[in-house]
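Spelled out, the chains give:
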Amino acid sequence: MTVSPPFRAPSEHRMTSAGLAIATALLAMPAQAQDMSAPQSGGLEEIVVTAQRREENLQNVPIAVTAITADALASGGIGGTTSLPQAVPSVQLTRSGPSGIFFVRGVGNTSGGTGEEGANAIYVDGVYLPDLGQTVFRFNNVERIEVLKGPQGTLFGRNASGGLINVITREPGRDVVVKGQVGIANYESYSGQLYAASPLTDTLSADIALTGTRQVDGWGRNLATGRKVGFGWHWGARSKAVWRPNDRTKIMLSGEYGKSDDDFASIFHVAEGSVGTGGTQFSGDYNTNTSAYQRVRQRIYGFNLTAEFDLDWATLTSITGFRGNKTRSGLDPDGAQLPLARYAIHSETDSFQEEIRLSSNDTEPLSWQTGLFFLRNKAALVNQQQRGTAFGGVDAGSDLTASMRTQSYAAFAEATYAMTPSTHVTAGLRYTRDDRTLRGQQTPVGLVPGTPMFIGQSLAPRTDSLTYGKFTYRLAIRQDLSGDINVYASYNRGFKSGLWALQSPANPPVDPQFIDAYEVGLKTELLDRRLRLNLSAYHYDISDYQVRAAVTLGAQPTLLNAASVDVDGIEAEFEAAPVDGLRLFGSATLMRSKFADFPFAPFTYPRPAVCTPTGPAAGQTTGTATGGNLTCLSSAKGNDTPLAPRFAANIGASYTADLGNGRELQLSTLYSYNDGYYFEVDNRLRQEAFGIVNGSIEFRPSSRWGVELWVRNLTDARYHVQKLGSALGDLAVPAAPRAYGLNVKFDY
């Protein structure tokens with residue numbers, strides 16, 4: 001069941017260049033900060049962000065930014081990174097096993113294999129996450145999340161070609177804080193969170209954050225084995241210590257560790273309306289029908305040390321980070337009981353990074369920053385076992401090992417100058433050099449030497465290397481029209497490095513992806529700060545767009561470069577505090593992201609099918625579907641890019657009622673709508689329109705504790721986090737069904 005949209009976009013959501021020009025002329029915006037936190041008398045609170053690597057009022061930053069506070073995340077039902085698209089309509093998410101793959105304004109790439117970094121960067125406390133397997137996590141001690149839209153190729157740089165998600169965690173201070181909650185929910189789910197912080201001495205403070213969930217019952221069943229599917233557990237711990245030996249020095253040391261075991265993103269089944277190899281049919285929204293184990297187990301850990309030194313005329317910042325991830329996955333990509341194909345994957349990533357940044361303390365008339373960045377990353381397929389009759393026998397196939405080492409160096413500088421008290425110009429430049437080395441080997445198992453199957457799954461030890469050195473840059477101007485209204489225009493050049501797909505190490509690497517982004521915006525605070533309204537319009541030219549194709553028997557990803565992509569869009573966001581205690585907020589995005597040229601794109605057709613190179617289409621199905629797909633090559637010019645909805649929006653409200661004697665009643669709701677998108681370049685597998693409603697009611701007898709009733713996906717909308725067409729058929733992975741529960745909260 002899906003929810004009808006509260007308002008409808010224009011027919012076909014056509015976004016021609018003329019329409020964009022008109023929208024641009026009408027003023028445009030950077031996405032606005034949503035703050036659903038407790039209301040304050042006198043209007044909206046000021047939102048402080050670090051989108052330009054220094055603390056600034058959101059409204060003064062000439063970048064499209066959405067900032068969401070911890071209270072906003074909680075009241076909107078946004079419990080982790082996988083729910084961010086509900087809070088930020090310009091963000092979409094797809095899954096690939098343990099990996100979370102984020103798209104921002106249509107920019108992203110659907111491959112989530114080991115070693116792939118994604119087109120949109122994710123940072124936690126200034127530390128870059130170089131592994132897509134680390135991007136899926138829950139929120140506990142978060143202070144706020146900033147979503148920067150558009151290339152951030154100067155100050156952040158590393159693969160932030162489409163945008164950036166910046167997670168800022170809480171910092172212990174001089175006060176003792178203890179807060180947490182325990183909860184119970186449907187599917188026999190149990191959860192708990194604890195955050196505790198305290199000063200240890202006059203100069204040293206520390207905190208600890210714990211979180212965990214166990215879901216005992218499953219969303220569905222494996223019809224082949226009778227076992228439950230769609231269940232699992234996770235727990236995590238994070239701690240931070242802050243030392244302030246004097247007023248000029250602050251040193252922060254933090255560490256985290258987490259474990260998980262679930263199959264939420266690996267419930268592969270034959271997509272509804274499709275036929276798998278061997279005639280396997282759709283098994284139900286949350287059921288599977290596979291003979292093989294499908295599950296993901298992860299351990300994620302990291303440490304970082306941040307040191308800040310006030311030099312009077314400037315601040316010197318050093319950020320040192322270490323991240324690691326160990327993952328074991330089991331997948332059955334045929335989606336059937338037949339022993340066609342199964343994978344057991346063991347992967348590991350380890351990274352070290354260092355950034356040194358010097359920034360001016362003065363901001364008027366000139367503010368500047370400069371710095372150096374270094375990253376060393378190793379991503380390894382320790383072993384990928386592929387077995388099944390598609391590879392030569394039930395227990396035959398091959399073992400694949402591969403690794404990619406990356407060393408990245410960057411130098412950057414950016415400055416903002418006030419040409420007049422109301423006119424500010426920003427210019428930035430970054431140079432990045434990436435050195436990558438590939439090692440790979442594939443060894444047949446249980447196959448007769450010299451046979452086609454043996455030869456096709458053999459790869460002698462291979463070593464290769466590549467080097468890229470590229471400049472990215474930024475130019476922006478902000479014009480203040482009054483103390484509460486400003487407009488801006490910007491141009492940004494972004495870059496995503498080339499790389500190999502470790503699951504296909506015999507294939508050549510893809511070339512780097514480049515983006516030229518043009519944007520104009522309007523930011524306003526009106527009605528005595530009771531209303532904040534921001535608008536934006538943008539146009540992107542993307543060359544060598546990186547895409548995934550899974551056309552082999554085992555659905556292994558192959559990386560390709562599309563020639564070019566054009567993206568046009570407009571956005572609007574608002575937040576209002578019409579009366580004390582009430583917050584209203586919402587946002588909408590209208591976008592068209594299409595391939596301007598992609599001459600040899602893969603198209604899949606359900607068998608029986610033939611390729612028609614001289615026909616109007618790449619191929620055609622010639623009869624009733626019997627199972628599996630045939631891949632043909634043709635031009636994808638004019639097709640939508642993956643994960644790029646023409647229209648998406650949300651609207652929400654939170655209200656706090658004072659019941660007297662220290663008692664409060666808090667009501668919150670969030671509705672998000674998405675009119676659908678395609679998962680692949682051939683525009684065959686589609687996610688239809690869907691809407692999600694979240695809500696909560698919390699009663700607090702005192703400031704010390706409260707009871708909350710909550711629901712996520714109230715209408716039980718059925719939608720997917722992944723659809724994939726391969727030689728074995730069309731597979732789908734469902735998103736979470738309706739969930740509801742009760743939390744008991746405490747706060748001291």
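Just so you know, these numbers come straight off a predicted model, no measurement behind them. (Residues numbered from 1 in each chain as written. Predicted model: local features only at pLDDT ≥ 70, side-chain atom pairs only at ≥ 80, totals over all residues. Heavy atoms only, no water.)

Let us now look at the overall build of the chain. Along the backbone of the chain there are four helices and 42 strands. Here the C-alpha radius of gyration of the chain, 25 Å, is about what a compact globule of 748 residues would show, namely 27 Å. Projected onto its principal axes, the C-alpha positions of the chain cover 75 × 55 × 55 Å. The buried share of the chain, taken over its 748 residues, is 58%. Residue pairs at least 24 apart in sequence account for 69% of intrachain contacts in the chain once pairs closer than 6 positions are excluded. Roughly 28,300 Å² of accessible area belongs to the chain as shown, and the carbon and sulfur atoms make up 57% of that amount. In the chain, which carries 66 positive and 71 negative side-chain charges, the distance between the mean positions of the two groups comes to 5 Å. (Helix = DSSP H or I, 4+ residues; strand = E, 2+ residues; numbered from the N terminus. Rg over C-alpha atoms; globule rule 2.2 N^0.38 Å. Buried < 20%, exposed > 50% of the residue type's maximum accessible area, 1.4 Å probe, protein only. Contact = heavy atoms within 4.5 Å. Areas by Shrake-Rupley, 256 points an atom, 1.4 Å probe, with all protein chains shown as cover. Lys, Arg positive; Asp, Glu negative; His and termini not counted. Charge placed at Lys NZ, Arg CZ, Asp CG, Glu CD.)

With that settled, consider the packing of aromatic side chains. Summed over all chains, the structure comprises 20 aromatic pairs. Between Tyr-343 and Phe-391 the ring centres are 6.2 Å apart and the planes differ by 70°, which places this aromatic pair in the edge-to-face class. One end of the pair, Tyr-343, is in strand β20 (residues 342-360); the other, Phe-391, is in the loop between β21 (366-388) and β22 (393-420), with 48 residues separating them in the sequence. A relative accessible area of 8% means that Tyr-343 is categorised as buried. Here the aromatic residues Tyr-123, Tyr-128 and Phe-156 are joined through ring pairs into a cluster of three or more. Of note, Arg-295 hangs over the ring of Phe-231, and the distance from its end group to the ring centre comes to 4.1 Å. (Phe/Tyr/Trp six-rings, centres within 6.5 Å; stacked < 30°, edge-to-face > 60°. Lys NZ or Arg CZ within 6 Å of the ring centre and 35° of its normal.)

This paragraph deals with the confidence of the model for the chain. Per-residue confidence for the chain gives a mean pLDDT of 90; residues scoring 70 or more make up 93%. In the model, residues 1-41 has pLDDT below 50 throughout and makes 139 contacts with residues more than four positions away in sequence or in other chains. (pLDDT = per-residue confidence, 0-100.)

In spatial order, the strands read β3-β8-β9-β6-β7; together these five strands make up an open sheet with mixed pairing. The outermost strands of the open sheet, each flanked by one partner alone, are β3 (64-69) and β7 (127-128). (Pairing = 2+ DSSP bridges.)

Before going further, it helps to spend a moment on the pairing of strand β23 (residues 423-445). In this sheet, β23 lies alongside β22 in antiparallel orientation, the contact comprising 23 bridges. Paired with Ala-402 across the bridge in β23 is Gly-440. Pairing between β23 and strand β24 (residues 459-480): 19 bridges, direction antiparallel. Each bridged residue has a counterpart across the sheet, and for Arg-430 the counterpart in β24 is Thr-472.

The grouping of Val-182, Ile-184, Tyr-190, Tyr-655, Leu-667, Ile-697, Trp-705, Leu-709, Leu-742 and Val-744 at the surface amounts to a nonpolar patch, some 860 Å² of accessible area in total. Mapped by element, the contributors of at least two residues to the nonpolar patch are β10 (177-185), β39 (705-712) and β42 (739-747). Along the chain, Val-182 turns up in strand β10. Of the residues examined, Val-182 reaches a relative accessible area of 48% and is grouped as partly exposed. (Patch = residues over 30% accessible without salt bridge, like charges linked within 9 Å, V, L, I, M, F, W, Y side chains within 5 Å. Salt bridge = Lys/Arg side-chain N within 4 Å of Asp/Glu carboxyl O.)

This part takes up unusual backbone geometry. For the bond running from Glu-364 to Pro-365, omega is 0°, close enough to zero to count as cis. As for its placement among the helices and strands, Pro-365 is situated in the loop between β20 and β21. At the junction of Arg-607 and Pro-608, the peptide bond is cis and its omega measures out at 5° in the coordinates. Following the sequence through the fold, Pro-608 ends up in the loop between β30 (601-606) and β31 (609-611). Unlike most non-glycine residues, Tyr-187 shows phi in positive territory, near 60°. Here Tyr-187 lies in the loop between β10 and β11 (189-199). Note on Tyr-187: relative accessible area 23%, which makes it partly exposed. The phi torsion at Asn-713 lies on the positive side, around 60°, for a residue other than glycine. Given the relative accessible area of 4%, Asn-713 is considered buried.

Let us now look at the state of the cysteines. The full count for this structure, using the stated rule, is one disulfide. Between the sulfur atoms of Cys-611 and its disulfide mate Cys-632 the distance is 2.0 Å. Looking along the S-S bond of the Cys-611-Cys-632 disulfide, the torsion reads about -90°, which is the left-handed sense. Residue Cys-611 is located in strand β31, and its partner Cys-632 is located in strand β33 (residues 629-634); the two are separated by 21 residues in the primary sequence. With relative accessibility at 38%, the residue Cys-611 sits in the partly exposed group. (Disulfide = S-S within 2.5 Å.)

If you trace the backbone, Thr-288 turns up in the loop between β17 (269-270) and β18 (295-310). Since its relative accessible area comes to 1%, Thr-288 is described here as buried. For the pair Thr-288 and Phe-647, spaced 359 residues apart in the sequence, the C-alpha separation amounts to 31 Å.

Strand order across the open sheet formed by three strands is β17-β41-β40, with antiparallel pairing between neighbours. Two strands bound the open sheet, and with one partner strand each, they are β17 and β40 (720-726). Inspection of the sheet shows β17 paired to strand β41 (residues 729-734) by two bridges, in the antiparallel sense. Across the sheet, the residue bridging to His-269 is Ala-732, located in β41.

Counting across every chain of the model gives 42 salt bridges. Among the salt bridges present, the one from Arg-238 reaches Asp-125, with a minimum N-O distance of 2.9 Å. One end of the pair, Arg-238, is in strand β15 (residues 232-246); the other, Asp-125, is in the loop between β6 (120-124) and β7, and 113 residues separate them in sequence. Under the relative-accessibility criterion, Arg-238 is labelled buried at 9%. Judged by relative accessible area, which is 16%, Asp-125 ranks as buried. For Arg-474, the salt bridge identified is with Glu-414, shortest N-O distance 2.9 Å. Of this pair, Arg-474 sits in strand β24 while Glu-414 sits in strand β22, placing them 60 residues apart in sequence. Look at Glu-414 and you get buried, because its relative accessible area is 7%. Each of Arg-105, Lys-149, Glu-519, Glu-571 and Glu-573 takes part in a single network of salt bridges with overlapping partners.

Turning next to the nonpolar core. Leu-502, Tyr-540, Ile-542, Tyr-545, Val-567, Phe-595 and Phe-598 are the most contacted members of the largest nonpolar core, which has 63 residues in total. Broken down by element, the residue count for this core peaks at five residues, all from strand β27 (residues 531-549). Counting 22 residues, the second largest nonpolar core, distinct from the first, contains Ile-68, Val-88, Val-91 and Phe-139. (Core = buried A, V, L, I, M, F, W, Y, C linked by side-chain atoms within 4.5 Å.)

Take the side chain of Gln-298 next. Here Gln-298 shows up in strand β18. In this structure the side chain of Gln-298 is engaged in a polar contact, spanning 3.5 Å, whose partner is the side chain of Asn-325. Separated by 3.4 Å, the side chains of Gln-298 and Thr-327 make a polar contact. (Polar contact = N/O pair within 3.5 Å; in protein donor to acceptor, adjacent residues only side chain to side chain.)

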